[in-house]
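Take a look at the letters that make up each chain.
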Amino acid sequence: MRHANHGGPRQILIAAEEAVRKAGVHVLATAPVKASRPIGPSRRIYANGGWHLAAPHDPPAMLALLQQIERNFARHRRGMRWQARTLDLDVVLWSGGVWRERGAEPGLIIPHPEFAHRAFVTGPLSAIAPSWKVPGSELTLRQLHARLTRSQPLPSGTGGGALSSVGRATDF
């Protein structure tokens, strides 16, 4: 959705990247912003991007920082899943491989449980870290994205990996 101070989705993602930098996180690479169709009941077109980040935070602290930035952009986490939102930031991959938060309710899981099935996530990530090997797989991000976007599956391969986040804004 448009933001009163930042404008449309592309500008929101640019402003969110600046907010990440101001929070002391080093942005190593930024993926080009692409449009995609929604998942779920939304009819909006989404703007998707990704960052390769370096920060002194563990994954839960990084997610908390990203969620604070979302709130600063008027993101409200309540109501229906997949509802329209100004900004959605996720920790998708981490240089430490797999992360599973322990607790009574499901917590942060890295790799993000659904990322490998979503071309709008694998596309930006493969643009900035194509050789990053997906934990638990022999595939690189480039190969995984190719499997999602080509009609014929590709054979498994090999590859190589820091902290990544995906930003998403609505109404591209």
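Rules behind the numbers
Residues numbered from 1 in each chain as written. Predicted model: local features only at pLDDT ≥ 70, side-chain atom pairs only at ≥ 80, totals over all residues. Heavy atoms only, no water. pLDDT = per-residue confidence, 0-100. Helix = DSSP H or I, 4+ residues; strand = E, 2+ residues; numbered from the N terminus. Contact = heavy atoms within 4.5 Å. Axes fitted to C-alpha atoms, helices over the stretch in contact; angles between N-to-C directions. Left-handed = near helix turned anticlockwise from the far one by under 90°. Nonpolar A, V, L, I, M, F, W, Y, C, P; charged D, E, K, R; others polar. Expected span 1.5 Å × (residues − 1). Buried < 20%, exposed > 50% of the residue type's maximum accessible area, 1.4 Å probe, protein only. Phe/Tyr/Trp six-rings, centres within 6.5 Å; stacked < 30°, edge-to-face > 60°.

A. Looking closely at the confidence of the model for the chain. Confidence in the prediction for the chain averages 80 pLDDT; 73% of positions are at 70 or higher. Across the chain, the element-wise mean pLDDT spans from 49 in strand 7 (residues 163-170) up to 96 in strand 1 (residues 26-30). Low pLDDT (under 50) marks residues 157-163, which in the prediction has 29 contacts with non-local residues, meaning those over four places away or in another chain.

B. Seen up close, the packing of helix 3 (residues 119-128) against helix 4 (residues 141-149). Relative to each other, helix 3 and helix 4 sit at 145°, their axes nearing to 9 Å. Judged by the sense of rotation from one axis to the other, the crossing of helix 3 with helix 4 is left-handed. When helix 3 is examined against helix 4, the residues A119, T122, G123, L125 and S126 are found in contact with a partner set consisting of L141, R142, L144, H145, L148 and T149. Grouping the constituent residues of the contact of helix 3 with helix 4 by class yields five nonpolar, five polar and one charged.

C. Spatial organisation of helix 1 (residues 9-22). Taking 1.5 Å per residue, 14 residues should reach 20 Å; helix 1 reaches 20 Å between its end C-alpha atoms and fits that length. Of the positions making up helix 1, those classed as buried are P9, I12, L13, A15, A16, E17 and V20. Remark: G24 follows helix 1 within two positions and exhibits a positive phi of approximately 90°.

D. Structural context of the packing of aromatic side chains. Applying the stated criterion across every chain, the model contains one aromatic pair. Ring plane angle 90° and centroid distance 5.3 Å describe the contact between W94 and W99, whose orientation is recorded as edge-to-face.

E. A look at unusual backbone geometry. Between I110 and the following residue, P111, the backbone shows a cis peptide bond with an omega angle of 0°. Position of P111 relative to the elements: it lies in the loop between strand 6 (109-110) and helix 3.

F. View of the environment of L141. The residue L141 is located in helix 4 in this model. Take L141: its relative accessible area is 1%, and that puts it in the buried class. Along the backbone, L141 and S126 are 15 residues apart, and their C-alpha atoms lie at a distance of 4.9 Å. If we skip the residues at most four places from it in the chain, L141 touches L93, F115, L125, S126, A129, P130, W132 and V134.

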